[in-house]
Amino acid sequence: MRRVSVIPATAFAITAKAASIAELCTVHNIQSAIPSNGTLIGVDVLPSTVTANAVYNATVGHGMSQISSSTYSYCNVTVAYTHTDKGDKVLLKYAFPNLSDYKNRFYVAGGGGFSLSQDPTGGLFYGAAGGATDAGYDAFNRSYDEVVLYGNGSINWDATYMFSYQALGEMTLIGKTLTKTLYGTAEGKIYTYFEGCSDGGREGMSQVQRWGELYDGVIAGAPAFRFAQQQVHHVFSSAVEQTLDYYPPPCELAKIVNATIAACDPLDGRTDGVVSRTDLCELHFNLSSIIGETYYCAEKNSTSLGFGFSKRQAPGSATSYQPAQNGTVTARGVAVAEAIYNGLHTTDGQRAYLSWQIASELDDATTKYDTATNSWKLDIPSTGGEYVAKFIQLLDLDNLSNLNNVTYDTLVDWMNIGMIRYWDSLQTTLPDLRAFQSNGGKLLHYHGESDPSIPAASSVHYWQSVRSVMYPNMPSEESLTALDDWYQLYLVPGAAHCGSNKLQPGPYPQSNMEIMIGWVEKGEKPSRLNATVSTGSYQGENQMLCKWPTRPLWRGNGSEFGCVNDQQSVNSWTYTFPAFKLPVY
């Protein structure tokens with residue numbers, strides 16, 4: 001599905017540089033900037049589909065976070081293209097900044113869940129043009145999981161490849177070509193950036209892996225790569241509860257998590273409500289010590305997870321009633337938590353996947369209350385249930401109705417089916433990144449250490465895979481130095497999925513794009529990642545996160561921060577997966 005592009009200098013239309021946004025933003029100018037058919041191999045842009053209008057003083061969010069906003073004027077453009085001789089149509093949106101604001105940059109934002117970003121304006125804050133794509137399946141109005149099947153048993157492979165990596169690469173290729181011509185910089189450098197988290201992080205990794213020559217800097221947070229394992233893994237907690245025949249009240253699981261945080265908080269050298277060293281927690285804390293502790297939760301309504309993650313209402317999620325819960329932590333409740341934290345193994349003990357770090361919330365294990373029987377029942381997260389139903393069983397269903405006859409071996413079989421079926425599309429785990437690295441690309445990869453959705457160890461495992469594949473014969477320290485020059489991984493203490501954690505008031509990085517621009521355009525290679533504490537007793541404190549594989553440690557009664565090498569810690573993050581015959585990168 002990958003299309004190789006060749007852009008000779010003669011492909012660019014010759015246009016006079018506009019003096020204002022109004023002069024720049026005309027249909028004629030955009031049409032004149034479109035490369036002639038055959039210039040971008042496999043892609044034919046359709047001049048007749050161009051629309052262009054100047055937008056003045058619009059309030060636009062800053063980059064991926066959208067935490068703050070400013071007012072900008074820009075050229076709003078839509079244009080469509082078709083794949084040569086295919087007869088399809090893909091709609092693109094672009095936002096071209098005011099001429100005085102433009103800084104020779106192009107910016108791509110990642111989406112989330114099963115959706116690509118619909119907003120092309122995220123780069124305006126950085127003086128960047130930006131784009132978005134409907135991927136040929138109306139992604140501006142529909143998510144990919146709505147179109148993955150034509151009908152029961154029939155996969156929409158065009159949509160699958162477009163969602164996986166192809167659409168974003170083509171949008172970026174066309175967008176960079178238009179941008180260079182519109183701003184009269186056809187022979188100059190245009191710095192191209194990608195920023196995303198969750199599936200947006202996976203999308204960023206897909207671009208590094210498949211379109212590495214297009215990008216100068218990619219920021220990938222908590223990537224949802226290893227799609228086959230990751231999505232089935234969302235069913236694992238429910239399978240544990242069914243296997244152990246115990247469905248703990250949500251308050252019991254919350255007590256286990258909160259007690260674990262309290263016990264493990266000081267192990268990093270500072271008592272601040274944050275477990276910065278989940279590896280030390282795993283090595284030195286026994287969950288059984290919580291048995292018998294009391295818990296209480298007030299009556300409430302709760303929302304089970306859809307694919308949006310982190311307690312965001314999403315398609316497939318459901319709201320349910322929870323009565324007041326008052327009790328003590330049981331041995332059976334601890335057994336459920338221990339099995340989940342231990343990770344998926346086959347029935348004969350072969351490890352199949354990594355798991356969440358201890359002290360992460362056990363969101364996927366949330367049960368639902370049955371008012372008819374006054375008891376807690378299984379609640380399969382649609383995060384995993386929809387994937388198994390649609391992508392593995394190929395049934396157009398939003399969730400699994402039950403886990404009857406489902407064993408741990410069944411989960412492994414589902415993972416294996418998905419890994420083979422979507423190896424070259426959704427799995428997104430290619431570890432050979434030479435095209436990106438040789439083009440001078442920089443990769444900033446971060447992950448919340450207490451992520452309850454995508455385990456932080458998932459990112460560590462991919463980093464390890466890239467290191468071993470890219471530098472197989474290099475001594476350890478030399479390979480670490482070589483990788484550090486272009487690919488850095490940071491674990492964020494206490495953080496949840498793509499954001500701060502309400503249970504652990506730790507730091508969260510807020511200036512990733514500024515750091516990336518400095519690295520790419522000025523050669524300012526980061527040694528730490530800047531983060532700010534937003535809540536709790538240390539609110540407003542600036543912390544510099546440790547670069548993997550070093551780990552955070554406070555000394556001097558919590559007054560002196562440092563990053564240390566701890567091989568025992570690194571070993572606790574290192575996994576092999578003998579349950580599979582194929583390598584799991």
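Conventions adopted
Residues numbered from 1 in each chain as written. Predicted model: local features only at pLDDT ≥ 70, side-chain atom pairs only at ≥ 80, totals over all residues. Heavy atoms only, no water. Helix = DSSP H or I, 4+ residues; strand = E, 2+ residues; numbered from the N terminus. Rg over C-alpha atoms; globule rule 2.2 N^0.38 Å. Buried < 20%, exposed > 50% of the residue type's maximum accessible area, 1.4 Å probe, protein only. Areas by Shrake-Rupley, 256 points an atom, 1.4 Å probe, with all protein chains shown as cover. Axes fitted to C-alpha atoms, helices over the stretch in contact; angles between N-to-C directions. Parallel < 35°, antiparallel > 145°, perpendicular 65-115°, else oblique. Left-handed = near helix turned anticlockwise from the far one by under 90°. Contact = heavy atoms within 4.5 Å. Nonpolar A, V, L, I, M, F, W, Y, C, P; charged D, E, K, R; others polar. Phe/Tyr/Trp six-rings, centres within 6.5 Å; stacked < 30°, edge-to-face > 60°.

1. Remarks on the overall build of the protein chain
(1) Moving on: A tally of regular secondary structure across the protein chain gives 15 helices and 22 strands.
(2) Moving on: What you see for the protein chain is a C-alpha radius of gyration of 24 Å, in line with the 25 Å of a compact globule of 585 residues.
(3) Moving on: Going through the 585 residues of the protein chain one by one, you find that 60% of them count as buried.
(4) Moving on: Counting every atom, the protein chain has about 21,800 Å² of accessible surface; 49% of that belongs to carbon and sulfur.

2. Considerations on unusual backbone geometry
(1) Moving on: Here the bond from W548 into P549 is cis, since omega is 10°, no more than 30 degrees from zero.
(2) Moving on: With respect to the helices and strands, the residue P549 is situated in the loop between β20 (542-545) and β21 (551-555).
(3) Moving on: Not every positive phi belongs to a glycine, and A135 is a case in point at roughly 60°.
(4) Moving on: One can find A135 in the loop between β5 (128-133) and β6 (149-151).
(5) Moving on: On the basis of relative accessible area, A135 is assigned to the buried category, the value being 3%.
(6) Moving on: At A359, a residue that is not glycine, the phi angle is positive and equals roughly 90°.
(7) Moving on: Among the structural elements, A359 can be located in the loop between α8 (331-342) and β14 (368-370).
(8) Moving on: The exposure class assigned to A359 is buried, which follows from its relative accessible area of 1%.

3. Things to note about the packing of helix α5 (residues 227-244) against α8
(1) Moving on: Relative to each other, α5 and α8 sit at 140°, their axes nearing to 10 Å. When the axis of α5 is compared with that of α8, the two are oblique. Where α5 crosses over α8, the two elements pack in a sense that is right-handed. In this structure, α5 contributes F236, S237, V240, E241 and L244 to the contact, and α8 contributes R332, A335, V336, A339 and I340.
(2) Moving on: Grouping the constituent residues of the contact of α5 with α8 by class yields 7 nonpolar, 1 polar and 2 charged.

4. Considerations on the packing of aromatic side chains
(1) Moving on: Tallied over the full model, the rule gives 30 aromatic pairs.
(2) Moving on: Ring centres of Y102 and Y183 lie 3.9 Å apart, and the angle between their planes is 15°; this geometry places the pair in the stacked category. With Y102 in the loop between β3 (90-97) and β4 (105-109) and Y183 in the loop between α3 (157-182) and β8 (191-197), the pair connects residues that are 81 residues apart, well separated along the chain.
(3) Moving on: By relative accessible area, Y102 is classed as buried at 11%.
(4) Moving on: A residue is classified by how much of its surface remains accessible, and Y183, at 2% relative accessible area, is buried.
(5) Moving on: Each ring, one from W486 and one from Y487, has its centre 5.9 Å from the other, and the planes form 45°; the classification is tilted.
(6) Moving on: When its relative accessible area of 3% is taken as the criterion, W486 is described as buried.
(7) Moving on: With relative accessibility at 1%, the residue Y487 sits in the buried group.

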